[in-house]
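For reference, the chains in residue letters:
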Amino acid sequence: MRKHRKCRWMVAVIAAIGVAGFVYGHTATSAQAEEVLSRAKIKSFLNASSALNHASTSWLMETMSNGVCVGDFNADGWDDIFFPSDNAPDAPPPFFANFQDHDNKLYINRGDKDGDGIPEFEEVSTVAGVTGKGTKAIGCTVGDYNNDGGADLYITAGQRGFGFQGHGGIRLEGGERVEMLPTDVFVSERTDGFYECEGKNILYRNNGNNPAGVPTFTNVAAEAGVEECRQGSSAAFGDIDLDGDLDLMVSNYVDSDWFFFQEEFYNGSRDTLFENNGDGTFTDITEKAGVGGRKMFSYREGQRIPTFNPDIKDSKDRTVGEDHSATLSVGFLDYDGDRYPDLISLSDIPGVISIFHNNGDNTFTDVTEEAATDIAGGWMGIAFADVDGDGDLDMFNPNFGSDWFTKKKGSTTYLVTVAAKFNRWNKGSVVNKLWRFDGVREIEKDGRKVPVPILADLSRALSIEWGELPPATLDPDAIPHDKSYTPVGLEHTEFGFGSIFLDFDNDTHQDLYFAGSVFRGCGETKCQTPPGAEQMWHRGPGRLLQNLGKEAMYWRDVTFDTQTFNIDKEDYQTGERVAWDYHETGRGVAKGDFNNDGYVDFVVSNLGGTDSNLPETPTLPNGIKEFRPGPTFLYINPGYDNHWLKVRLEGNKSNRDGIGALVRVTLPSGRVLIEQVTSGTSYLSNHSFTLIFGLGKASRVSKLEVSWPSGEVDSFTNVRINRTVKVTEGGKLERFVAK
């Protein structure tokens, strides 16, 4: 076995950034740099995946799947975990010899019974009624839509044949109707799944617990009016009209047959906003609200061009897809402080970071260009946190990552995807983005005054100390010879899907984790790709970056130290498998506190496939690797010596979950920490609604303040620490103890 040599890289910042006409710059002092290098040793997380024993059988060809949702579904104070799963009746390819369809899985957390820090989980999917048989489940979100005290589940689904199961169709070519055959051998029906309503989304209403403490659910999507039939991706609950119940935003990706109509550009699908009627039903208000998604576009010779093609038809002569962007993630954030949740929407191939201001009358104004987030890229997810400690929430958005800057070893050929053949966007726009919120400015648009967020792009301004297995772009030989664009700061980081902010050491600074890739690990000598793909790479081993403070300008890569690389069966002592060859295909990432020790834990879902480089994976007689499920990683935080406070909310005028509420914690030093209860945001996933505040060495909380969506503000002083408290809207504070 080989050992890794420890290598540390320091990337200095000499770049200023311009956003919306303003220039922001930060420089480092020697004292600050010295403090960064003198930080205490980091502890390793415990990979407690065996407590779940869950693996994803969604296969590589279905590149979207799968998310993961964390929520307290049986209301016992312990965070549970739900995994959507592709279990539709379509037959897998014949070369997937050991492929088996799996149902959705719900794992109820029974607590840390033996005191070893690892919770025990019980798989209850069948009893709970959430298996979702016949559904190509992809993403999920959580929210008590009927305010009855039970955590309900909304699940997005794919149409039959999404991914590499094309149905074929027809198109116009030189005035002639040309039939387009499906590219696989096991799906023959050539119809568009949207019209057949093949991908029916699910709304599981929580009925409460049975005598064994297992929650049971009923699918009420059809009667509630939210049985969306498009190619679903992420979803988020939020009270857009402040009437006390949760509305629902559903994002949709490209039409299910996009790939196999063999077009240069793809037709998308409209996103959908459902207003909660307060009686268990919803109304589609997308058109009135103006949030169906931006128009499809691409680039040709450096110019942005429209790409929707109404002449792409299915075999029944119906237009395939809609002229809307391919959205992957959505989330609500009140960026201007008027209590009405604004909408953030991220789209792909290419797409932009869309920002819609909530006008307070069930309409939204698109302020994307004005906020300078109209940047073409493959945007995957959303994470909110106050990273610089200035009292407002900032944002991280993962993208295609730094492999766009690299070239194949010993070659001058860029590693590009098939999409790059069409010059959809340039290398500079595919990097991961960290946005600092610097207030709002007011504009006149559509006959009204609209606040626009002022966002500073910190991607090139960060100083990052790299650890073991640093990004490939730090190798000078990996950058193209012309050096036309040299990445700095966060631009070195790789592909990301799911992402979270977490103060893993409770030092009051919000840290960052993200994971994702298109394929499993690719080393220097090999990278398995679909036939015909042009050097498709896009690797991503996962990164945990520690925020070292100083206005969030100094970070440290602690992925190796914390043992949180998205790699299966690795050995951090010898370095075995801690290499590019072996990382998994990350998708959903969600956070919670699974052992209730006051420190953030997180779970990562991975895609299965026939692309495993692990030496124990058999090769079939046809030369293809045997299908290997995607492992699930449950990372349990070891805990540190810092203090903490956990806050659970219960609304009465506001929605029961308190989604949209802002919670502020003031320390004796005067420093203010802020969190917002959010639904959705992370790619296809949902976080626990219990907020965790790292307090550092503070011995008490001077002030705890909850600003509810209703406008009510509850304030408490001298709150005791290292405990969970429950705040009920109207001024009630009590200690909460899990059952």
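Residue positions are counted from 1 within each chain, in the order its sequence is given. Thresholds applied to this predicted model are a pLDDT of at least 70 for local features of residues and 80 or more for the giving and counting of side-chain atom pairs; totals over whole chains, interfaces and linings are not thresholded and use all residues. Hydrogens and water molecules were not included; the side-chain quantities draw on all heavy atoms of the structure.

Caption draft 1: Seen up close, the overall build of the chain. Comment: elements are numbered from the N terminus, with helices defined as DSSP H or I runs of at least four residues and strands as E runs of at least two. When you go through the chain residue by residue, the secondary structure sums to six helices and 46 strands. The cut-offs for exposure are 20% and 50% of the maximum accessible area for each residue type, with area from a 1.4 Å probe on protein chains only; residues under the lower value are buried, those over the upper are exposed, and the others partly exposed. Counting across all 739 residues of the chain, residues that qualify as buried make up 65%. Of all intrachain contacts in the chain linking residues separated by at least 6 positions in sequence, the fraction that spans at least 24 positions is 66%. For the chain, the accessible surface area stands at approximately 25,500 Å², while carbon and sulfur atoms represent 49% of it. Residue contacts are defined here by distance: any two heavy atoms, one from each residue, within 4.5 Å place the two residues in contact. All accessible areas in this document rest on Shrake-Rupley with a 1.4 Å probe, and a residue is counted as covered only by the protein chains that are shown.

Caption draft 2: Representation of the confidence of the model for the chain within the structure. A residue-level look at the chain finds 77% of positions with pLDDT of 70 or above and a mean pLDDT of 82. Every residue is assigned a pLDDT by the predictor, reflecting its confidence on a scale from 0 to 100. The model gives residues 161-173 a pLDDT under 50, and that stretch makes 76 contacts with residues more than four places away or in other chains.

Caption draft 3: Local environment of the state of the cysteines. What counts as a disulfide here is a pair of cysteine sulfur atoms lying within 2.5 Å. In the structure shown here, the tally under the stated rule is one disulfide. There is a disulfide in this structure between Cys69 and Cys140, and the S-S distance comes to 2.3 Å. The chirality of the disulfide connecting Cys69 with Cys140 is right-handed, given an S-S dihedral of about 125 degrees. One end of the pair, Cys69, is in strand E6 (residues 69-71); the other, Cys140, is in strand E10 (residues 136-143), with 71 residues separating them in the sequence. What makes Cys69 buried here is its relative accessible area of 0%.

Caption draft 4: Summary view of the sheet that holds strand E4 (residues 46-47). Pairing between two strands requires that DSSP report at least two bridges joining them. The four strands are arranged E4-E38-E36-E35 in an open sheet whose pairing can be described as antiparallel. With one partner strand each, in any of the chains shown, E4 and strand E35 (585-592) form the two edges of the open sheet. The pairing of E4 with strand E38 (residues 633-636) spans two bridges and is classified as antiparallel. When the bridges of E38 are listed, Asn47 appears paired with Tyr635.

Caption draft 5: Structural context of the pattern of salt bridges. Each reported salt bridge corresponds to a side-chain nitrogen of Lys or Arg within 4 Å of a carboxyl oxygen of Asp or Glu. Using the criterion set out here, one finds 26 salt bridges in the structure. For the salt bridge of Asp366 with Arg294, the shortest nitrogen-to-oxygen distance reads 2.6 Å. Of this pair, Asp366 sits in strand E25 (residues 364-366) while Arg294 sits in the loop between helix H5 (286-289) and strand E20 (297-300), placing them 72 residues apart in sequence.

Caption draft 6: Broad picture of the sheet that holds strand E43 (residues 701-707). Taken in spatial order, the four strands of this open sheet run E41-E40-E43-E44, and their pairing is antiparallel. Each end of this open sheet is capped by a strand with a single partner; those strands are strand E41 (672-676) and strand E44 (713-719). Here the strands of the sheet are splayed against their neighbours by 15 degrees on average, with no regard to which way each runs. Inspection of the sheet shows strand E40 (residues 662-666) paired to E43 by five bridges, in the antiparallel sense. Bridge pairing in E43 places Thr666 opposite Lys703. For helices, the fitted line uses only the C-alpha atoms of the stretch in contact; every axis is such a line through C-alpha atoms, and the angle between N-to-C directions lies from 0 to 180 degrees.

Caption draft 7: Focus on the packing of aromatic side chains. Ring pairs shown here join Phe, Tyr and Trp side chains whose ring centres sit within 6.5 Å, with only the six-membered ring taken for Trp; geometry is labelled stacked below 30 degrees between planes, edge-to-face above 60, and tilted in between. A full pass over the atoms with the stated rule returns 17 aromatic pairs. With a centroid separation of 6.3 Å and 40 degrees between ring planes, the pair formed by Tyr599 and Tyr640 is classed as tilted. Of this pair, Tyr599 sits in the loop between E35 and strand E36 (601-607) while Tyr640 sits in the loop between E38 and strand E39 (643-650), and the two are 41 residues apart along the sequence. With respect to class, Tyr599 is no different from Tyr640; both count as buried. An aromatic cluster is present here, built from Phe45, Phe504, Tyr513, Tyr599, Phe602, Phe633, Tyr635 and Tyr640 joined pairwise through their rings. In this analysis the charged atom, NZ for Lys or CZ for Arg, is taken to sit over a ring once it is within 6 Å of the ring centre and within 35 degrees of the ring normal. A cation over a ring is seen here: Arg304 above Phe297, with NZ or CZ 4.0 Å from the ring centre.

Caption draft 8: Representation of unusual backbone geometry within the structure. Within the chain, Asn53 stands out as a residue other than glycine whose phi angle is a positive 55 degrees. Relative to the helices and strands, Asn53 is located in the loop between E4 and strand E5 (55-56). Its relative accessible area of 68% is what places Asn53 among the exposed residues. In the Ramachandran plot, Asn722 falls in the positive-phi region, its phi being about 55 degrees despite a non-glycine side chain. Mapped onto the secondary structure, Asn722 falls in the loop between E44 and strand E45 (724-728).

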